[in-house]
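Residues per chain, in single letters:
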Amino acid sequence: MAGIMGYFGGRRDAKQSSRDAIVTLRQQLQMIEKKEEYLQKKIDEEVKKARANAVSNKAGEHDPRPFCARVLGMGYSHADRSLSALAPARIAVPLDSATAALRRKKVTEQELDRLQNTRFQLEMQVNTLESASFNAENMAAMKKASSALKDIHGKLTIDTVDRTMADIQEQTQLASEVSDAISSSTYAGIDIDDDQLKQELAELEEEELNTRLMGDHVPVHHPAGPSRIEDLEDDEDAQLKELQAALAM
């Protein structure tokens, strides 16, 4: 159908046309290669013929007497008088055959050279068509990619991107400020004296210690005496150490 449409002036597919041309050229190259093999074989045969005739000529020139003279045992002078007309003909035949073979070889070599030039031109056309087809396919792929990018971007412009990025930056900064405000100390800005706190804590500890001492032991009247006073002091010291240990826990 594509060939019929092309014949009547219809539009053909460029890709298919390129493929058809490449196939045709490759078929023609195969025919040329076969023709080259035939011509090379013919050249080799003509060389063999020329060499064989040249050898035959050399063998004939070894004995200058004609063939009939050599068979009849005639001398050269007698054979030259009686068969002088036959001798040049027998010697010239190999020379003419060898020369004709060399001439045919030269003609065939010229034809082979022309055929090789034609093959080179066809190979160049194949390479050019393949390169052009490859470039066309690359351009088609790039065109599809460009169209896809346009569909993805749509109405997206650089101004829209800048506005969006500015909004994102503003919201990010706001979130950071909110996080800083939440994580900041509630007592920021209040001046607190650490030494005063330590003194107040010591007074509280002393007051608590005295309260516990007064609640655990009711004073009892005892006769005054040195041993009794020492026992009372030792008892108070033990209770004080016990209370300090409890507060340390």
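Residues numbered from 1 in each chain as written. Predicted model: local features only at pLDDT ≥ 70, side-chain atom pairs only at ≥ 80, totals over all residues. Heavy atoms only, no water.

Asker: Explain the overall build of the chain here, please?
Answerer: For the chain, the count of helices and strands is 8 helices and 0 strands. When the elements of the chain are put in sequence order from the N terminus, they spell out α-α-α-α-α-α-α-α. Of all 249 residues assigned to the chain, the portion counted as buried reaches 12%. Here the contacts in the chain between residues at least 6 apart in sequence split such that 75% fall between residues at least 24 apart. When the accessible surface of the chain is summed, it comes to about 20,600 Å², and 57% of that surface belongs to carbon and sulfur atoms. (Helix = DSSP H or I, 4+ residues; strand = E, 2+ residues; numbered from the N terminus. Buried < 20%, exposed > 50% of the residue type's maximum accessible area, 1.4 Å probe, protein only. Contact = heavy atoms within 4.5 Å. Areas by Shrake-Rupley, 256 points an atom, 1.4 Å probe, with all protein chains shown as cover.)

Asker: I'm lost on the pattern of salt bridges in this one. Help?
Answerer: Under the definition given, this model contains 6 salt bridges. Glu46 is the partner of Arg104 in a salt bridge, and the nearest nitrogen-oxygen pair spans 2.9 Å. You can see Arg104 sitting in helix α5 (residues 86-153) and its partner Glu46 sitting in helix α2 (residues 14-62), a full 58 residues away along the chain. With a relative accessible area of 37%, Arg104 lands in the partly exposed category. Connected via shared salt-bridge partners are Glu36, Arg119 and Glu123. (Salt bridge = Lys/Arg side-chain N within 4 Å of Asp/Glu carboxyl O.)

Asker: Looking at this structure, how should I read a negative patch on the surface?
Answerer: A contiguous patch of negative charge, built from Glu200, Glu203, Glu206 and Glu207, is present on the exposed surface. With respect to the helices and strands, the residue Glu207 is situated in helix α7 (residues 194-216). (Patch = residues over 30% accessible without salt bridge, like charges linked within 9 Å, V, L, I, M, F, W, Y side chains within 5 Å. Lys, Arg positive; Asp, Glu negative; His and termini not counted. Charge placed at Lys NZ, Arg CZ, Asp CG, Glu CD.)

Asker: Can you help me understand the environment of Arg104 in this one?
Answerer: Considering only alpha carbons, one finds Arg104 and Ile43, 61 residues apart in sequence, at a separation of 7.9 Å. In contact with Arg104, not counting residues within four places along its chain, are Glu46 and Lys49.

Asker: Help me understand the nonpolar core, please; the structure alone is not making it clear to me.
Answerer: Soluble, globular proteins show a tendency: their nonpolar side chains are buried together. Core analysis: the biggest nonpolar cluster contains 10 residues, these being Ile22, Leu25, Leu29, Ile32, Leu39, Ile43, Leu112, Leu115, Leu122 and Val126. Among the elements of the structure, α2 and α5 are those that each provide at least two residues to this core. With 6 residues, the single largest contributor to this core is α2. Among all residues touching Leu122, those that are not within four sequence positions of it are Leu25, Gln28, Leu29 and Ile32. (Core = buried A, V, L, I, M, F, W, Y, C linked by side-chain atoms within 4.5 Å.)

Asker: Explain the environment of Lys42 here, please?
Answerer: Residue position: Lys42 is located in helix α2. Since its relative accessible area comes to 31%, Lys42 is described here as partly exposed. For the pair Lys42 and Glu109, spaced 67 residues apart in the sequence, the C-alpha separation amounts to 9.4 Å.

Asker: Would you mind showing me how to read a nonpolar patch on the surface here?
Answerer: A contiguous nonpolar patch, built from Leu156, Ile158, Val161, Met165 and Ile168 and spanning about 460 Å² of accessible area, is present on the exposed surface. With respect to the helices and strands, Met165 occurs in helix α6 (residues 158-183). Overall, the relative accessible area of 49% leaves Met165 in the partly exposed class.

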